[in-house]
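So the chains spell out like this:
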Amino acid sequence: MYVDVSFPISSYQVFSYKIPRKFIDSVKVGQRIKAPLGNRIGQGIIVAIDTKPTFSGNIKELTDIIDLKPIVDENLWTLIKWLSKYYKTPLGQCAKMVLPQNLNLNYQPPKKYFVQYLSGDKDIDLNGNAQKKIFKYIFESKEEMIAIDDLKNLASNPLLICKKLSEKGFIKLYSKKQIPPKLELFANKKQSKIEFNKEQKVANDKILKYIETNEFHSILLHGVTGSGKTEIYIKAVKEIIKRNKTAVMILPEITLAPQIANKFSNVFGDQIAVWHSKLSPAQRSYYWKNICSGNFKIVIGARSAIFTPLKKIGLIIVDEEHESSYKQEHSVPKYHARDVSLMRGRISNATVILGSATPSLESIYNQLNGKLKYIQLKNRFGKAIFPKVHLVDMLKESEENYGNPISDLLNEKIDQRLSKGEQIILLHNRRGFSPISKCLDCGYIESCPSCCTSLSYHKIGNMMRCHLCNYNKKGAAIICIKCKSQRIKLSGAGTQKVEEILSDQFANAKISRLDVDTATSDKNIYRIMRSFLNKEIDILVGTQMIAKGLDFPNVTLVGIINADIGLFLPDFRAGEKIFQLIYQASGRSGRGELPGEVVIQSYNSNDKIIKLASRLMFKDYANEALKERELLHYPPYSWLAKIELRAKNKDKLLRMMNFLNGKTKGINDVFFLGPSLCYREKLNGYHRAHLIIKSLKKTDPNGLILDNISDLLYSSIIDQKKIKSTDIFIDKNPISLL
């Protein structure tokens, strides 16, 4: 008997191995194994079992089987194979991405020991001073259960002593498994009975009808901010659990996990596992094993939660489905969790709900073309009403208030809300203190040595930092390295500067900041969010992580410091992202019984995207944007693929660009943009170029023409000997062209 094994390497080749006699009855597809790979022992995954080898040369034997049972079931294995084929990534690399690093299915939580008094007098005759001390302590505690760890100040090895006392019948020894800590939740309020309004009831009834069919259905749930989508999700999950099935809900940001998980845990208790990137290896192993065993029926988490080994999946929820963070951009496969969710739903015959107040244009297009069922919630839930929105022209404002990122109107509104004991969220999508350090004599802007971007000054920590590669250097520049001038100016404002200005202007207000610099761990995130929920913080300043999905009833004012950030980037999705961010941030205001307001500050207040966003006119924006996309042959009216080249030597990159350009000649079935240098031409020490390939859905309905041509071009580069010092990536349906 033989097995085909895929390893997490950049080759599509699978390797054949003979099964040793001792493993004949043990091997199964989906198990991890160890086997010789070159001059080392590699860890791979069994992809096929054969009676004959698929390779005719010298065949080596497996050396070990890591898992007694397959770590993925048939449906998850089918999904991994689809990932490999669709995203042009070797099977072994897809399996490596799906499976947690250092996964140990034999993991057993460590035990924690406790003792309790059973019998005997305080002055009972015992051997040794340590036994006497410990028994006396336990005797005086009487009914209390005492942790062995609490006895370490009485003896160096209290467990050994307590075992001897237990054998003599004086105390009782207990052990409990130390379950890895779960996600910290915001509050312990029990979920009151869900009472739907008319719109919610209609939406819920439709979803339940789809669930009852036990077939694959995909639904776009388009509900305005505060319309009660989460309550509809909970009701749908209740129905799934009744049917003895499981559910997974993915979120775009870890900041959303505590609040959502809290609402679900109040209904479903310990049936929930929360999955995200900040879990320790022990937590990952524990949750993976228990999800496999069926001990958890619901998984909530970031995009990787879609790969957890739930069996009998009946419902998949993609909350805030429009978010670009669902796209994996920094490693392979470059998957989009929304698309993976739809495929996993299809494989599992499950219902998939894509929820958003600002659906992606791709989802709007798919709904219009019958690929998604459409359910709409037009109104906010309960007594909540839409916030009143003010648009401030910062060009006029800067004539009287130059250099201050906070307008007079926003200052006035903040003061009003603070006086009423209400809370404020201020969105500024730029970290640090100042994004530019510029010489006023020669104009030199201090930039990152590894990237084509300026260094941002971070006042906290006193350092210049690159936000792309995280390069940093101590202190702001005091002398220009080009002309030796000392006239250096820090320009622009980041979240640190906004926080400092607010602290000066509102000295009595409690202000906190949530961005990448303060969100260094999940505990920090939860601490800040919990404090805000408990009204221990008056003003929360932050980047886009505070702009979506969160529900704070006492927030009655949202300020958007600079709505223009990212608006003019050379990417066809730039306007869509800005509209969604403004709309979503505005939706954090007035979600309870108190009416809300929004102040949007812009230096381009006449821009049509800014205007439509400030009026919360999603339908008008979507219609306008879809017309532009169709005219310019961009998604959702076309398929898109990107071939990216990277090299440390720019001349080698240019040669590969010329070679690739020659290969595109004579191909007329698709549109080519480039090859050209990327907007971020240098990143992390590598020079970058890309070729964008577009094919119209009218003439290429399934994207097969695009696939064939992108595969052909990709293969032609791989075959070149020059490739040794150039990295090549292929990205299907890229989310960014920067």
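These numbers were taken from a predicted model, which means no experiment stands behind them.

**Focus on the overall build of the chain**
- Per the secondary structure count, the chain includes 19 helices and 30 strands.
- Over its C-alpha trace the chain gives a radius of gyration of 29 Å, about what one expects of a compact globule, namely 27 Å for 738 residues.
- Oriented by its inertia axes, the alpha-carbon framework of the chain measures out at about 90 × 80 × 65 Å.
- In the chain, once contacts between residues fewer than 6 apart in sequence are set aside, the share between residues at least 24 apart is 74%.

**Some details on unusual backbone geometry**
- Omega for the bond connecting Val332 with Pro333 falls within 30 degrees of zero, at -5 degrees, which places this linkage in the cis form.
- Mapped onto the fold, Pro333 is located in the loop between β13 (313-319) and α9 (337-348).
- Here the bond from Gly674 into Pro675 is cis, since omega is 10 degrees, no more than 30 degrees from zero.
- As for its position among the elements, Pro675 is in strand β28 (residues 671-683).
- Positioned with a positive phi, Lys484 is a non-glycine residue whose angle comes to about 65 degrees.
- Looking at the secondary structure, you find Lys484 in the loop between β21 (472-474) and β22 (488-491).

**Structural notes on the side chain of Ser710**
- One can find Ser710 in helix α19 (residues 704-718).
- Here Ser710 falls in the buried class, since its relative accessible area comes to 2%.
- Ignoring any residue separated from it by four or fewer positions in sequence, one finds Ser710 in contact with Ala641, Ile643, Ile693 and Ile730.

**A short note on a negative patch on the surface**
- A surface patch of like charges, here negative, comprises Glu399, Glu400, Asp408, Glu412 and Asp415.
- Ranked by the residues each element gives to the negative patch, the list is headed by helix α12 (residues 408-419), at 3 residues.
- Take Glu412: it is sitting in helix α12.
- Taking relative accessible area as the criterion, Glu412 reaches 43% and is therefore assigned partly exposed.

**Details of a nonpolar patch on the surface**
- Taken together, the side chains of Met1, Ile24, Val29 and Ile49 make up a nonpolar region of the molecular surface, amounting to roughly 290 Å² of accessible area.
- One can find Ile24 in the loop between β2 (15-18) and β3 (32-37).
- Judged by relative accessible area, which is 34%, Ile24 ranks as partly exposed.

**A closer look at α9**
- In this model, α9 (12 residues) spans 16 Å end to end at C-alpha, consistent with the 16 Å of a helix rising 1.5 Å per residue.
- Turning to α9, its buried residues number three or more, namely Ala337, Arg338, Val340, Ser341, Met343, Arg344, Gly345 and Ser348.
- Next to the buried residues of α9 lie α1 (74-86), β10 (246-250), β13, β14 (351-356) and α10 (361-368).
- A positive phi of about 55 degrees marks Asn349, the residue just after α9.

**So, the sheet that holds strand β24 (residues 539-542)**
- Spatially, the 6 strands line up as an open sheet ordered β16-β26-β25-β17-β24-β23, and their pairing is parallel. At either margin of the open sheet sits one strand with a lone partner, and together these are β16 (388-393) and β23 (511-514). The sheet shows a mean angle of 15 degrees between the axes of neighbouring strands, taken without regard to direction.
- In this structure, strand β17 (residues 423-427) lies alongside strand β25 (residues 555-560), joined through 5 bridges in parallel fashion. Directly across from Ile424, in β25, lies its bridge partner Leu557.

Quick notes on the rules
Residues numbered from 1 in each chain as written. Predicted model: local features only at pLDDT ≥ 70, side-chain atom pairs only at ≥ 80, totals over all residues. Heavy atoms only, no water. Helix = DSSP H or I, 4+ residues; strand = E, 2+ residues; numbered from the N terminus. Rg over C-alpha atoms; globule rule 2.2 N^0.38 Å. Contact = heavy atoms within 4.5 Å. Buried < 20%, exposed > 50% of the residue type's maximum accessible area, 1.4 Å probe, protein only. Patch = residues over 30% accessible without salt bridge, like charges linked within 9 Å, V, L, I, M, F, W, Y side chains within 5 Å. Areas by Shrake-Rupley, 256 points an atom, 1.4 Å probe, with all protein chains shown as cover. Salt bridge = Lys/Arg side-chain N within 4 Å of Asp/Glu carboxyl O. Lys, Arg positive; Asp, Glu negative; His and termini not counted. Charge placed at Lys NZ, Arg CZ, Asp CG, Glu CD. Expected span 1.5 Å × (residues − 1). Pairing = 2+ DSSP bridges. Axes fitted to C-alpha atoms, helices over the stretch in contact; angles between N-to-C directions.

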